[in-house]
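Here's the letter readout for the chains.
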Amino acid sequence: MEQQDEQVGGLSHHGSSQDLGSPPISSFEPGESSQQEDGTVMRRSESYLPVPGEDKNLDGDFNGKTRNDESMPMKTLYASDGSLLHLPLGPYFSDGQRRVDYVLTYGIQKPSAIRRQSSKLSDNGYFHRLWRSLSSRSSRAPLQLKEDPEVAATEQQANYHEDDKRFKREEFEQNLQEMGLELEKDEGVYEVKQGSNLVEKIRLFIHKVTDPLHPKVGPKRPEDVKSLSLPFSKEKQHLFDLSDRDKFFDSKTRSSIVYEVLKRIRWTRPNYSLGITSLLANGVYTSAYPLHDGDIDGVTAEPNDRKLLFEEWASYSVFYKYQPIGLIRKYFGEKVGLYFAWLGVYTQMLIPAAIVGVIVFLYGCATVDDNIPSMEICDPRNNITMCPLCDSVCSYWKLETACGTARASHLFDNPATVFFSIFMALWAVLFMEHWKRRQMRLNYVWDLTDYGMEEEDHNRAEYELRVAEKTMRQDQGAAKDEKVKLTCTDRMPAYLTTVVMMSFMIFITFVIAFGVILYRISIKTALHLSTYPAARSNIRATVKTTAAIINVIVIIILDEIYASIARWLTTLEVPKTDKSFEERLIFKTFILKFVNAFTPIVYLAFFRGRLVGRPGKYLYVVGSYRMEECAHAGCLMELCIQLCITMLGKQLIQNNLFEIGIPKLKKLLRKRKSELTSKQEEELHKTLKRYEKDHVLGPFVGINPEYMEMIIQFGMVTLFVASFPLAPLFALLNNIIEIRLDAKKFVLELRRPIASKVKDIGIWYNLLRGLSKVAVIVNAFVIAFTSDFVPRLVYQYTYSPDGTMHGFVNHTLSYFNVSDFQNGTEPNPPNFNVKVCRYKDYREPPWSNTSYELSKEFWAILAVRLAFVIVFQNVVMLMSDFVDWLIPDIPKDISFQIHKEKLLMLDHFMKEEGRRRDNHNHDGYTSPSSARLLLHFH
């Protein structure tokens, strides 16, 4: 029976420091010493004994205890002549046989004299320091240190802390050995800075056509065959093929088991105990990580999963191929595999959305010359004089000068955008349903359908520390059997801090957005005052573009700040489990980043141009700043520009600068500091061991930043798609690059993450579903209030004399008598030829008894707008719910196969138990290799 659901491994551990390197430790756990049934449970090895490395230390202060009666002799690292042996450079122990599954690093504080000597070398680059450290491995001479007596007293406290860390490490590592892990210390020292037949025929035809798009990641197994698997446990090991124990579990699974051991094996102090996470936080160890499988380049590089991922996934030359999701899951774990599977589904679903968006845009281009309102605006014979756009310095202007803006607005504000909004609302539902079915299929293939029911989420070390501190503060007379835990009262200061800080950050976002508004108002006035014709030629475009760029820069900067603040606030709350910590962190980060990204867009869509007032009675803020108006064609064009620049800016800056540019810059600076030539560096790289190569890689910080980037993009695509139908196209192009960029980062630039087993994408699905629901409401308001769709509809069927759009522009303009300007607001110098100017609004004319009051047309259009929002929202949501109901969450074939697999598993158990009883009666033994079954799909 093939196993796909267990986690076992070993550990390797090497030291590094900013001052002096330290002995690394390696450990290994044989396959038969582990079990998992309800979670990951480790047992002491019954066949292998712990093998501590030679207790050698340059400072002589690491006094490990070697038990000769329990350990196997280690192969020496040195030849008979004292030279360093050429050991395998892969992820193996010094014997070249046993695999290293995990690495721990720690630092040792040097005496000040050696620190002063090494400080002269600290600027020579990492490779120079490493070269010296590697060459020093062959030297057996002890270090002769001269201690300065004047400095000794000041170093006593630091030495005490170093000794405390050392004692914690000794106890922790002894506990690891008692659990059956094999440890090895590397003496190398260096410094580092850190369906139906028809459906089946169609499916086979599609698979045959798309076969060139599938990555070549190994021998293909028939798609209708699946190995029957079961979570491994020692009590049921007779069901498994254990002929090759070393390869029974893959490297990802072994490393995961070791991580579980590291979390549960403790060093103890009175009243409480802590695991590896706390040891890392306290600086007892500097880092902990599993190893990559091997190298990806070079003629001598052995075939491995990492190299295969690089060739078939992490290369831009294979951008047109599907992702090898199975191999990604095998190497990085289910959590990373599900992210890239979700990203692949999202990118595939963007293809039809992008095509329809381009068609809507092309429709606007094709009909722009037939659009009657824009033709009326561009017609000079109308000779419509508009009121000034600002006080005093702005003069009257002709409506025909807004011809370009009106024509451009039609590209995005046309009847097709209403259809596109409905389409995108249904698209979001189809995407969610498609992902649920894809996720369920992956759960079945990856044997996760029953995962999570019995899994225990362990407490975080920080939570246990706070509980221990609370226990120590409690009255001695308290009941001893009462379980102590953190209550809401204990967390109340943290909750209040979170509410205050979150509110303050959101307020800061609003203040910055208001500052950009004041920038637009002031720069527009300044450009009107300018004597340069170039500055006065296209004031609107200049103000819109520069303001949008400023918004993008502010958004990117605040994103980084808000991410750090959200983590700090979550840490203050001391969540009980890792899952709770992650969900709270994601929620806080999402709220802050969502508000940050969409505040300028919401202002342009729903507030700009509506808080203006009218000529003679404008609305002013901060003294004399008059609120800005929309162009005659509406604010939809400016909203489109903001969305376009925000999407492109975030993608270009965050992808190219943060994810590509900064790592390349760091690499370039490191090379410039190094005194080695490129050839010497290449030769040095060949001599490094696997854990030394991985140590210089960047630490893995989690998959949440990648999710967050895509969720914000999903909001851009769905929330305001009525104003920017090209958003799905931009997102599609970005994601094609993003997949390969993330792949390259995971394979080449980051340490291998700890494989996490999950069966879904967690809270991210709820955020996606919430955004898709909000998108329906937002697009309804954008169409009704931001675009001119409803006013055009009302005019054509209510006020037009001939049932056409002729006269629509004149219908939307109100009259203003220039003699009614407030003092100091009229144009200077005045134009005595203008008696009446026009402005966009539905108000009574100055000769009416209710001059400048809102007209009946305004209230009629407002009523239709509100009715449109209600009808649009309910119709689209009803259609969405119908689609949701129509498509089952679990594919029919998967549901059938899950049921069939359970029956086969039960039948197989009964047969195996029967054979075991018969063999016990005859003193025989059944070969476990006979326990392999294959499921065939029908």
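Summary of the structure given here. In this text the structure is predicted, and so the values were computed from the model without any measurement. (Residues numbered from 1 in each chain as written. Predicted model: local features only at pLDDT ≥ 70, side-chain atom pairs only at ≥ 80, totals over all residues. Heavy atoms only, no water.)

What follows concerns the environment of Asn538. For Asn538, the location among the structural elements is in the loop between helix 15 (533–537) and helix 16 (539–573). Counting along the chain gives 11 residues from Asn538 to Leu527, while the straight-line C-alpha distance between them is 9.4 Å. (Helix = DSSP H or I, 4+ residues; strand = E, 2+ residues; numbered from the N terminus.)

As a further point, take the state of the cysteines. Using the criterion set out here, one finds 3 disulfides in the structure. With a sulfur-sulfur separation of 1.9 Å, Cys378 is cross-linked through a disulfide to Cys403. Disulfide Cys378-Cys403: torsion about the S-S bond near 95°, hence right-handed. Linking Cys378 in helix 10 (residues 372–378) with Cys403 in helix 11 (residues 403–410), this pair joins segments that are 25 residues apart in sequence. One disulfide in the model links Cys387 with Cys837; its S-S distance is 1.9 Å. Residues Cys387 and Cys837 share a disulfide whose torsion about the S-S bond is about 85°; that sign makes it right-handed. Note that Cys387 is positioned in the loop between strand 11 (385–386) and strand 12 (397–398) and Cys837 in strand 18 (residues 836–840), a separation of 450 residues in sequence. Take Cys837: its relative accessible area is 0%, and that puts it in the buried class. (Disulfide = S-S within 2.5 Å. Buried < 20%, exposed > 50% of the residue type's maximum accessible area, 1.4 Å probe, protein only.)

Attention now goes to the side chain of Lys650. Take Lys650: it is sitting in helix 18 (residues 636–673). Overall, Lys650 belongs to the buried group, its relative accessible area being 11%. Within the local environment of Lys650, its side chain forms a polar contact with the side chain of Asp559, the two groups lying 3.1 Å apart. (Polar contact = N/O pair within 3.5 Å; in protein donor to acceptor, adjacent residues only side chain to side chain.)

Counting 106 residues, the largest nonpolar core has Trp342, Tyr346 and Phe720 as its most contacted members. No other element matches the 15 residues that helix 9 (residues 334–367) contributes to this core. If near-sequence neighbours (up to four positions away) are discounted, Phe720 is found in contact with Phe598, Ile601, Val602, Ala605, Phe606, Leu639, Leu643, Gly715, Val778, Asn779 and Val782. Formed by 17 residues, the second largest nonpolar core is a distinct cluster that contains Tyr106, Leu183, Val258 and Tyr259. (Core = buried A, V, L, I, M, F, W, Y, C linked by side-chain atoms within 4.5 Å. Contact = heavy atoms within 4.5 Å.)

The geometry of helix 12 (residues 415–445) relative to helix 21 (residues 704–719) is characterised by a closest axis approach of 10 Å and an angle of 145° between their N-to-C directions. On helix 21, the residues that touch Met424, Trp427, Ala428 and Phe431 of helix 12 are Phe714, Val717 and Thr718. Residues belonging to the contact of helix 12 with helix 21 are distributed by class as follows: 6 nonpolar, 1 polar and no charged. (Axes fitted to C-alpha atoms, helices over the stretch in contact; angles between N-to-C directions. Nonpolar A, V, L, I, M, F, W, Y, C, P; charged D, E, K, R; others polar.)

For the structure on display, the rule yields 37 aromatic pairs. Residues Tyr815 and Trp847 carry aromatic rings whose centres are separated by 5.2 Å and whose planes lie at 50° to one another, so their mutual orientation is tilted. Residue Tyr815 is located in strand 17 (residues 813–817), and its partner Trp847 is located in the loop between strand 18 and helix 26 (856–886); the two are separated by 32 residues in the primary sequence. Given the relative accessible area of 28%, Tyr815 is considered partly exposed. A ring pair is formed by Phe816 and Tyr852, whose centres lie 5.5 Å apart and whose planes are at 40°; its orientation type is tilted. Remark: Tyr852 occurs in the loop between strand 18 and helix 26 and Phe816 occurs in strand 17; sequence separation between them is 36 residues. As far as burial versus exposure is concerned, Phe816 and Tyr852 are alike and both buried. (Phe/Tyr/Trp six-rings, centres within 6.5 Å; stacked < 30°, edge-to-face > 60°.)

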